[in-house]
Amino acid sequence: MPSFGLVHWLDLVAVAVAAASGAFAAARKEMDIGGFLFVTTVTGIGGGTFRDVILDRPVFWVARPDYIVVCLSVAVVLFFVAHRVEQRRALLWADAVALGLFSVVGAEIALDTGAPALIAIVMGVMTATFGGIIRDVLCAEVPLIFRREVYATAAAAGAATLVALDALGLGRPVILLAGFAVAFSVRGLAVALRLSLPVYRRPGERSGG
Amino acid sequence: MPSFGLVHWLDLVAVAVAAASGAFAAARKEMDIGGFLFVTTVTGIGGGTFRDVILDRPVFWVARPDYIVVCLSVAVVLFFVAHRVEQRRALLWADAVALGLFSVVGAEIALDTGAPALIAIVMGVMTATFGGIIRDVLCAEVPLIFRREVYATAAAAGAATLVALDALGLGRPVILLAGFAVAFSVRGLAVALRLSLPVYRRPGERSGG
Amino acid sequence: MPSFGLVHWLDLVAVAVAAASGAFAAARKEMDIGGFLFVTTVTGIGGGTFRDVILDRPVFWVARPDYIVVCLSVAVVLFFVAHRVEQRRALLWADAVALGLFSVVGAEIALDTGAPALIAIVMGVMTATFGGIIRDVLCAEVPLIFRREVYATAAAAGAATLVALDALGLGRPVILLAGFAVAFSVRGLAVALRLSLPVYRRPGERSGG
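Residues numbered from 1 in each chain as written. Chains lettered and ligands numbered in written order. Predicted model: local features only at pLDDT ≥ 70, side-chain atom pairs only at ≥ 80, totals over all residues. Heavy atoms only, no water.

Examining the relation of the copies chain A and chain B
- The two copies are related by a screw operation: chain A maps onto chain B through 120° of rotation and 0.0 Å of translation along the axis, at an RMSD of 0.0 Å. Within this description, the copies of the chain are treated as partners about a three-fold rotation axis. The position closest to the rotation axis in chain A is occupied by the C-alpha of V53 of chain A, lying 4.2 Å away.
- Mapped onto chain B, only 7% of the interface residues of chain A again fall at the interface, so the copies present different surfaces. (Least-squares fit on C-alpha atoms with pLDDT ≥ 70 in both. Contact = heavy atoms within 4.5 Å.)

In structure tokens:
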């Protein structure tokens, strides 16, 4: 097994938090324990799985079963205690934390494989968004990403921050922290203040609005 | 081409039966022959494709076109004869057989690549469930797996049986048969007796119920 | 970077046109600019990504960031000008052109890796259809492929034409052009004349119709 550096610890935390967002979604759908374990795990590892397959790296959780153990544990715990929290808000905030962590971890791992800057940003966005999209498709909800909120954009901002600071030669802990702070702040502000981006409007509505 | 052992023959049968479940779903949706071929094939090979990509093995049907031939044949035959059977029940039982076969084949293949026990179980569940999930998403149905029935759990039970008996040193035919028997029995009983697992309930409903 | 031959130029055009079909779909859903960029890019690169992962080739856009630049550019331009065209028809025709190009490019790339004829045809169909399926699932529309129109069939006809002419020893530009012409004509005629394939019908309706 490879040694476990800062990036991998952050990845493990990101997986746990994303898994929690999956568990809150499963709770809102009143799934049984089997569906609960399934949705929680797929949400936790989905984004990173796509990232690793596309970068042609060994898929992270195959090499290290700890990730699956973490996802299953999160599912079991939240199956019993999720009713104690306000699930809608818990889902939004867990999702925002996972978005921030995955955007920097995904971009950093891509840079590590020698990918160019633009691809590293795309990988940050993909890692941050795919788990949640799979979660919402499995739960038959409109993906968060399309609810007219700042979402992929927040992940792109975080990943771009990391890539830019890395190009300036700053150290890994600094660029990871700065990228996370940017992604989480953008997403958090969007949730808290109900910010939204310009929306495409059809001609008829333009004249009307 | 690699020689064709017991695991591969079981895999071929599993693909054919899973393909049949896809064809029954396409029949219920009254698809045209193009959609019929497409859904049947994707359902047949979907789970194993994810398994092989994630384990970084050559994807099984690329190396051996027989699998595609089997899927297309199943689609053509069932396009003409599916109306002779009660499709809802045929779909449920074809799905249960495929679930049982894929859970042991997926786990056995993972063990063969040197994956640890937990990952082998996850691979069994993934191989057994992903084809059906893709089928149901393409057919715009709520995935079977989330209809409050024992589903992923049955696959996990079968794969875990195989992994446990393998650790005890039993031969391959025995562990494949035992694992299939467990997965199919659990799923079959759930279908026949309408068993279900504990369901997550919201606080309000708890007090009400 | 590898040199850029005819197949790769056609692939780039196919990605751009498929991306445009994604942008028209995003416009019809009145997405914000973030969702617009996301859906456009995923539609453009989705089919080829599956093709490359399954053939175990390096994913095309990781090696060459130009593809991502093209997708993002298409999204930004169409975000501002899509209202000037009739989106429903623009989507149908952009989709038909992408279908034709991807079917031959996908099959040719598969032949290049040494895949047998049947697998090359499957790869052509997959490359041609998966981006559009992902687009429609993300936009919560019934995939075009299941709207009882000649769709996967058109891609299969184009890919089969390419594979057959290749077996006859014809040159690459000829087989690419002929395959594209067949796929696009079949799909275009189906759209223009509202052609459809035989549809599976349930027994009750048979007697009734």
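Focus on the packing of helix α2 (residues 33–54) of chain B against helix α6 (residues 117–138) of chain B
Residue and element names in this part refer to chain B.
- One way to put it is that α2 packs onto α6 with a least axis distance of 8 Å and a crossing angle of 145°. In the packing of α2 onto α6, the handedness of the crossing is right-handed. Contacts between α2 and α6 involve F38, V39, V42, T43, G46, G47, G48, F50, R51 and I54 on the former and, on the latter, M123, M126, T127, F130, G131, I134, R135 and L138. (Axes fitted to C-alpha atoms, helices over the stretch in contact; angles between N-to-C directions. Helix = DSSP H or I, 4+ residues; strand = E, 2+ residues; numbered from the N terminus. Left-handed = near helix turned anticlockwise from the far one by under 90°.)

Focus on the interface of chain A and chain B
- Contacts between the two partners involve 28 residues from chain A, matched on the other side by 29 residues from chain B.
- Here chain A packs against chain B, burying approximately 2400 Å² in sum over the two surfaces, 71% of which is carbon and sulfur.
- Linking chain A with chain B are zero salt bridges, by the criterion used here.
- At the surface where chain A touches chain B, the tally comes to zero residue pairs in polar contact (both at pLDDT 80 or more).
- Counting only elements with at least two residues in the side of chain A that touches chain B, the list comes to α1 (6–28), α2 (33–55), α3 (60–63) and α4 (66–81) of chain A.
- Here the side of chain A that touches chain B gets eight residues from one element, more than from any other, and that element is α2 of chain A.
- The class makeup of the residues in the side of chain A that touches chain B is 18 nonpolar, five polar and five charged. (Buried area = accessible area lost by both parts, 1.4 Å probe. Salt bridge = Lys/Arg side-chain N within 4 Å of Asp/Glu carboxyl O. Polar contact = N/O pair within 3.5 Å; in protein donor to acceptor, adjacent residues only side chain to side chain. Nonpolar A, V, L, I, M, F, W, Y, C, P; charged D, E, K, R; others polar.)

Description of a nonpolar patch on the surface
All names here are of chain A.
- On the surface, V76, V77, F80 and V81 cluster together into a nonpolar patch covering about 340 Å² of accessible area.
- On the secondary structure map, V81 appears in helix α4.
- Overall, the relative accessible area of 33% leaves V81 in the partly exposed class. (Patch = residues over 30% accessible without salt bridge, like charges linked within 9 Å, V, L, I, M, F, W, Y side chains within 5 Å. Areas by Shrake-Rupley, 256 points an atom, 1.4 Å probe, with all protein chains shown as cover. Buried < 20%, exposed > 50% of the residue type's maximum accessible area, 1.4 Å probe, protein only.)

Quick look at the pattern of salt bridges
- Inspection of the entire model under this criterion finds 24 salt bridges over all chains.
- Ionic pairing is found between D136 of chain C and R135 of chain C, a salt bridge with its closest N-O pair at 2.9 Å. The same class applies to D136 of chain C and to R135 of chain C, which are both buried.
- Salt bridges sharing partners connect three or more residues here, namely D11, R51, D52 and R57 of chain A.

Re the relation of the copies chain C and chain A
- Its rotation angle being 120°, the transformation that places chain C on chain A also includes 0.0 Å of axial translation and leaves an RMSD of 0.0 Å.
- Here only 7% of the contact residues of chain C are again contact residues in chain A; the copies associate through non-equivalent surfaces.

A few points about the environment of M123 of chain C
- Counting through the fold element by element, M123 of chain C comes out in helix α6 (residues 117–138).
- Given the relative accessible area of 0%, M123 of chain C is considered buried.
- Taking the C-alpha atoms as reference, M123 of chain C lies 9.4 Å from F102 of chain C; in sequence the two are 21 residues apart.
- With near-sequence residues (within four places) excluded, M123 of chain C lies in contact with W61 and V62 of chain B together with R51, I54, L55, G106 and A110 of chain C.

Considerations on helix α6 (residues 117–138) of chain A
All names here are of chain A.
- The terminal C-alpha atoms of α6, which comprises 22 residues, lie 32 Å apart, in line with the 32 Å expected from a rise of 1.5 Å per residue.
- Along its length, α6 shows its largest kink, about 30°, at T129.
- Positive backbone phi, approximately 55°, marks A140, located one or two places after α6. (Expected span 1.5 Å × (residues − 1). Bend = angle between axes of the 7 residues up to and from the residue.)

Looking at the side chain of E108 of chain A
- The topology assignment puts E108 of chain A in helix α5 (residues 87–112).
- What E108 of chain A contacts, discounting residues up to four positions off in sequence, is V7, L162, R172, I175 and L176 of chain A.

Some details on helix α8 (residues 172–193) of chain A
Residue and element names in this part refer to chain A.
- Along its 22 residues, α8 runs 31 Å from first to last C-alpha, staying within 8% of the 32 Å computed at 1.5 Å per residue.
- Among the residues making up α8, those that are buried are I175, L176, G179, A183, R187, G188, A190 and V191.
- On the buried face of α8, the contacting elements are α1, α5 and α7 (152–167).
- Positive backbone phi, approximately 55°, marks R194, located one or two places after α8.

Points about the nonpolar core
- Counting residues in hydrophobic clusters, the biggest one holds 220 residues, and the most contacted among them are W61 of chain A, W61 of chain B together with W61 of chain C.
- Once you skip the residues sitting within four places of it in the chain, W61 of chain A turns out to touch I45, T49, Y67 and I68 of chain A together with I54, I119, V122, M123 and M126 of chain B. (Core = buried A, V, L, I, M, F, W, Y, C linked by side-chain atoms within 4.5 Å.)

A short note on the interface of chain C and chain A
- Taken together, the 28 residues of chain C in the interface contact 29 residues of chain A.
- Across the chain C to chain A interface the summed buried area is about 2300 Å²; carbon plus sulfur atoms make up 71%.
- Contact with chain A buries area across many residues of chain C, yet E30, D32 and F38 of chain C alone supply 29% of it, more than any other trio.
- Where chain C meets chain A, there are zero salt bridges.

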